[in-house]
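Per-entry structural report
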Amino acid sequence: MTGWTLAAGWAGFFPLFSHQATHRAWGLCAVVAYLCAAGAAFLLPRPGAVGLSVGLALAGAVALPLVYLTLTGRAQSEVGVIERAGSLLLHHGTPYLPHPRVVDDYTPYLPGMALFGMPRALLGDHHAAARLLGDARLWCAAVFFLCLHGGRVVLRGAGPRSLAGGRGRGGSSSYATGMAVLTASPVIAMPLCVSGVDMPLIGLCCLGLALAARHRPVAAGLALAAACSLKWTALPAVAVAVVLLARGGGTRAAVRGAVTALAGTAALVLPCALVSPSAMVQQVLAFPTGRGAVPTPASSPMPGRLLASAGAAGWYLAVALLLCGGLAVGAWLVLRPPAGAVAAADRLAAGLCLAFLLAPAGRFGYFGLPLVLLLWTRRADPAHGIAARRPTVPVAFSARVRSQPTSSASLTHD
């Protein structure tokens, strides 16, 4: 009840203070859903309260606003940018306009993001079915959920055999409930409904770490190459995955994963870079960091942004702090390499949080990626749940037990 009430307060902020119509529409629908979910959690008995409250939140904060915004063609500008990029890539071989004039003319994404806009270019928007199936948000959401499901299967496939029995079914039920709550929460529900551009990036990063944790370097490299072809934000995930592979599978596995990720990224990005190198540099590198001809709309008041707004010296100071933060996280990664998916997600989340805080431009919505990394891996990795439930045995006691004879009398005495 407390969680849904807090979510209702968060959603209620947008109809009152947001200037974007999509945010206001989502907030109006979501605040009613969250209040109904809170009421169900408070009034109903516990077994029924969980399912009904989560169902109400999912219906009112995700399903209804997504269908409404899709059918009415209302979305954040990012959706239109992706769909235009898909049409440009389909007809001209590059997703970038050669001479952008206003903010919406810029495509601050790498070429892989344009693939989510191709359904609109192919289907058009002449009728309701085409508007629904061609919307880039649906395809972004589909990749997000497929990747999370795939990562869960990978992590459980190498889990202990004891999870295959009743405990495994209970764990699956707990995981499904946790993921439903996460999806219905404002962290996922709002970006999924109004833009969706970060959803596939989040899913592919989670899948890549899961594959690396299970010592599958080529598959992990391919997943992270797909992520890196969407946004350069995914590059730190490659470093974390390589260290994770080196810890679990040795140098050879780490090299295979790194080569696959870098070669895959180059194969997906270089063709468009060769077609329009100048436009790509201006729109993918200069514009998002606040150095483009047009100011970036990513202007949330975070430390890096505030420094960059003070002038050239502040911008360089923000970049220097960003590099120092990256070196600090890199040192932590090398000195204490992660041994599993949860530890790897923790290090990646810490690095991304520092990057978003100290970058010359950014948005609060970017923090959805590290938050999902932290929450999803703890739910998806069965080894983490077993480690959390395993009782701690004092070292002196365990050494004394090992030193005793294995007779029934001695065990009874101990």
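Everything that follows concerns the structure shown earlier in this document.
Residues numbered from 1 in each chain as written. Predicted model: local features only at pLDDT ≥ 70, side-chain atom pairs only at ≥ 80, totals over all residues. Heavy atoms only, no water.

1. Side note on the overall build of the protein chain
- Within the protein chain, the regular secondary structure consists of 21 helices and zero strands.
- Here the analysis covers contacts within the protein chain between residues at least 6 apart in sequence; of these, 72% occur between residues at least 24 apart.
- Working note: accessible area of the protein chain is about 19,800 Å², and carbon and sulfur atoms make up 70% of it. (Helix = DSSP H or I, 4+ residues; strand = E, 2+ residues; numbered from the N terminus. Contact = heavy atoms within 4.5 Å. Areas by Shrake-Rupley, 256 points an atom, 1.4 Å probe, with all protein chains shown as cover.)

2. Quick look at a nonpolar patch on the surface
- A cluster of nonpolar side chains, contributed by Met1, Phe42, Leu43, Leu44, Leu52 and Leu56, occupies part of the molecular surface with about 590 Å² of accessible area.
- Elements with a contribution of two residues or more to the nonpolar patch: α2 (21-43) and α3 (46-71).
- Secondary-structure assignment places leucine 52 in helix α3.
- Assessed through its relative accessible area of 41%, leucine 52 is described here as partly exposed. (Patch = residues over 30% accessible without salt bridge, like charges linked within 9 Å, V, L, I, M, F, W, Y side chains within 5 Å. Salt bridge = Lys/Arg side-chain N within 4 Å of Asp/Glu carboxyl O. Buried < 20%, exposed > 50% of the residue type's maximum accessible area, 1.4 Å probe, protein only.)

3. Structural notes on the environment of leucine 327
- Tracing the backbone through its elements, the reader meets leucine 327 in helix α16 (residues 312-335).
- Residue classification places leucine 327 among the exposed residues on the basis of a relative accessible area of 63%.
- Sequence separation between leucine 327 and glycine 351 is 24 residues, and the spatial gap between their C-alpha atoms is 9.5 Å.

4. Section: the packing of helix α17 (residues 341-358) against helix α18 (residues 368-380)
- The contact between α17 and α18 brings their axes to 8 Å, and the two run at 170 degrees. For the element pair α17 / α18, the angle class is roughly antiparallel. Listed contacts from α18 to Ala341, Val342, Ala345, Asp346, Leu348, Ala349, Leu352, Cys353 and Phe356 of α17 are Leu369, Pro370, Leu373, Leu374, Thr377 and Arg378.
- Here the residues of the contact of α17 with α18 sort into 12 nonpolar, one polar and two charged. (Axes fitted to C-alpha atoms, helices over the stretch in contact; angles between N-to-C directions. Parallel < 35°, antiparallel > 145°, perpendicular 65-115°, else oblique. Nonpolar A, V, L, I, M, F, W, Y, C, P; charged D, E, K, R; others polar.)

5. Some thoughts on the nonpolar core
- By size, the foremost hydrophobic cluster in this structure holds 83 residues, and its most contacted members are Trp4, Trp26, Tyr34, Leu209, Leu373 and Trp376.
- The element best represented in this core is helix α10 (residues 199-213), accounting for 12 residues.
- If sequence neighbours within four positions are ignored, leucine 373 has contacts with Cys206, Leu209, Ala345, Leu348, Ala349 and Leu352.
- One finds Tyr96, Val269, Ala279 and Met280 within the second-largest nonpolar core, a separate group that totals seven residues. (Core = buried A, V, L, I, M, F, W, Y, C linked by side-chain atoms within 4.5 Å.)

6. A closer look at the side chain of threonine 265
- Position of threonine 265 among the secondary structure elements: in helix α13 (residues 251-275).
- Those residues in contact with threonine 265 that sit more than four places away from it in its chain are Ala225 and Cys228.

7. Description of the packing of aromatic side chains
- Under the counting rule described, the total for this entry stands at 11 aromatic pairs.
- Ring centres of tryptophan 10 and phenylalanine 14 lie 5.9 Å apart, and the angle between their planes is 80 degrees; on these two criteria the pair is classed as edge-to-face. Here phenylalanine 14 and tryptophan 10 lie together in helix α1 (residues 2-17), a separation of four residues that amounts to about one turn.
- For the ring pair tryptophan 26 and tyrosine 34, a centre distance of 6.5 Å and an interplane angle of 70 degrees mean the geometry is edge-to-face.
- A relative accessible area of 0% means that tyrosine 34 is categorised as buried.
- Connected via pairs of aromatic rings, a cluster forms that spans Trp4, Trp10, Phe13, Phe14, Phe17, Trp26 and Tyr34.
- Over the ring of tyrosine 175 we find arginine 152, and its NZ or CZ is 4.2 Å from the ring centre. (Phe/Tyr/Trp six-rings, centres within 6.5 Å; stacked < 30°, edge-to-face > 60°. Lys NZ or Arg CZ within 6 Å of the ring centre and 35° of its normal.)

8. Here we look at the side chain of threonine 183
- Along the chain, the position of threonine 183 falls in helix α8 (residues 166-184).
- If we ignore the near neighbours within four places in the chain, the residues touching threonine 183 are Leu58, Val62, Phe145, Ile188 and Ala189.

9. Details of the state of the cysteines
- For the structure shown, the criterion picks out zero disulfides.
- The thiol of cysteine 206 is unpaired, and the distance to the nearest cysteine sulfur, on cysteine 205, comes to 7.1 Å.
- Here cysteine 206 falls in the buried class, since its relative accessible area comes to 1%. (Disulfide = S-S within 2.5 Å.)

10. Re unusual backbone geometry
- Here histidine 215, not a glycine, exhibits a phi torsion of approximately 60 degrees, which is positive.
- Relative to the helices and strands, histidine 215 resides in the loop between α10 and α11 (217-228).

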